[in-house]
Amino acid sequence: MRKVVKQIVGIDVAQDELVCCFGKMYEDFTLELAIRHTFDNKQAGFAKLSGWLEKLVDKDTQLRFVMEATGIYHQCFAYFLYE
């Protein structure tokens, strides 16, 4: 089994939705960026996003989130992640 060295969620933030793309980098520098999903930009959507990621992430590798700061639309999700 290949070792995951990086994993990331890129998020396009909009007023009503978060468009998320999950990717991994393996120790041989190959990338896997095939998974994309859209969630509501509210607490229920944040919970669904968390459940989606539970099935995808390698538990031994840090997960990073990258999102654009779109006015104020990213703030609730940023606070959710912080907590």
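Residues numbered from 1 in each chain as written. Predicted model: local features only at pLDDT ≥ 70, side-chain atom pairs only at ≥ 80, totals over all residues. Heavy atoms only, no water.

Undergrad: Please clarify how the overall build of the chain should be interpreted in this entry.
TA: Looking only at helices and strands, the chain features 2 helices and 4 strands. Starting at the N terminus, the α and β elements of the chain follow one another as β-β-β-α-β-α. At 13 Å, the chain has a C-alpha radius of gyration in line with the 12 Å of a compact globule built from 83 residues. Principal axes of the C-alpha set define a box for the chain whose edges measure 40 × 20 × 20 Å. Evaluated residue by residue, the chain yields a buried proportion of 30% over its 83 residues. Restricting to contacts in the chain with at least 6 residues of sequence separation, those with at least 24 account for 44%. (Helix = DSSP H or I, 4+ residues; strand = E, 2+ residues; numbered from the N terminus. Rg over C-alpha atoms; globule rule 2.2 N^0.38 Å. Buried < 20%, exposed > 50% of the residue type's maximum accessible area, 1.4 Å probe, protein only. Contact = heavy atoms within 4.5 Å.)

Undergrad: Sorry, what's going on with the pairing of strand β2 (residues 17–26) here?
TA: Two faces belong to every sheet, and in a regular strand the side chains alternate between them. The element β2 is largely enclosed, with a buried count of 7 among its 10 residues. The pairing of strand β1 (residues 4–13) with β2 spans 9 bridges and is antiparallel. Among the inter-strand pairings, D12 is bridged to a residue of β2, identified as V19. The turn joining β1 and β2, which pair antiparallel and follow one another in sequence, is formed by 3 residues. (Pairing = 2+ DSSP bridges.)

Undergrad: Before we go on, may I ask you to explain the nonpolar core in this structure?
TA: The nonpolar side chains of a soluble globular protein tend to be buried with one another. I11, L18, C20, F22, L49, W52 and L53 are the most contacted members of the largest nonpolar core, which totals 14 residues. When residues in this core are grouped by element, the largest group, 4 residues, is from helix α1 (residues 43–54). When residues no more than four places from it in sequence are discounted, the contact partners of L53 are V9, F22, L63 and F65. (Core = buried A, V, L, I, M, F, W, Y, C linked by side-chain atoms within 4.5 Å.)

Undergrad: Explanation requested: a negative patch on the surface in the structure shown.
TA: Negative charge collects at one region of the surface, where D12, D16, E17, D40 and E68 lie side by side. Turning to its location among the elements, E17 is positioned in strand β2. (Patch = residues over 30% accessible without salt bridge, like charges linked within 9 Å, V, L, I, M, F, W, Y side chains within 5 Å. Areas by Shrake-Rupley, 256 points an atom, 1.4 Å probe, with all protein chains shown as cover. Salt bridge = Lys/Arg side-chain N within 4 Å of Asp/Glu carboxyl O. Lys, Arg positive; Asp, Glu negative; His and termini not counted. Charge placed at Lys NZ, Arg CZ, Asp CG, Glu CD.)

Undergrad: Explanation requested: the pairing of β1 in the structure shown.
TA: Two elements, β1 and strand β4 (residues 63–67), share 5 bridges in a ladder whose sense is parallel. Note on β4: the bridge partner recorded for G10 is V66.

Undergrad: Which parts of the structure should I look at to understand the packing of aromatic side chains?
TA: Pairs of aromatic rings are described using the distance from one ring centre to the other and the angle between the two planes. This structure, assessed with the given rule, holds 5 aromatic pairs. With a centroid separation of 5.2 Å and 45 degrees between ring planes, the pair formed by F46 and F80 is classed as tilted. You can see F46 sitting in helix α1 and its partner F80 sitting in helix α2 (residues 75–82), a full 34 residues away along the chain. Judged by centre distance (6.3 Å) and plane angle (75 degrees), the rings of F65 and F77 are edge-to-face. (Phe/Tyr/Trp six-rings, centres within 6.5 Å; stacked < 30°, edge-to-face > 60°.)

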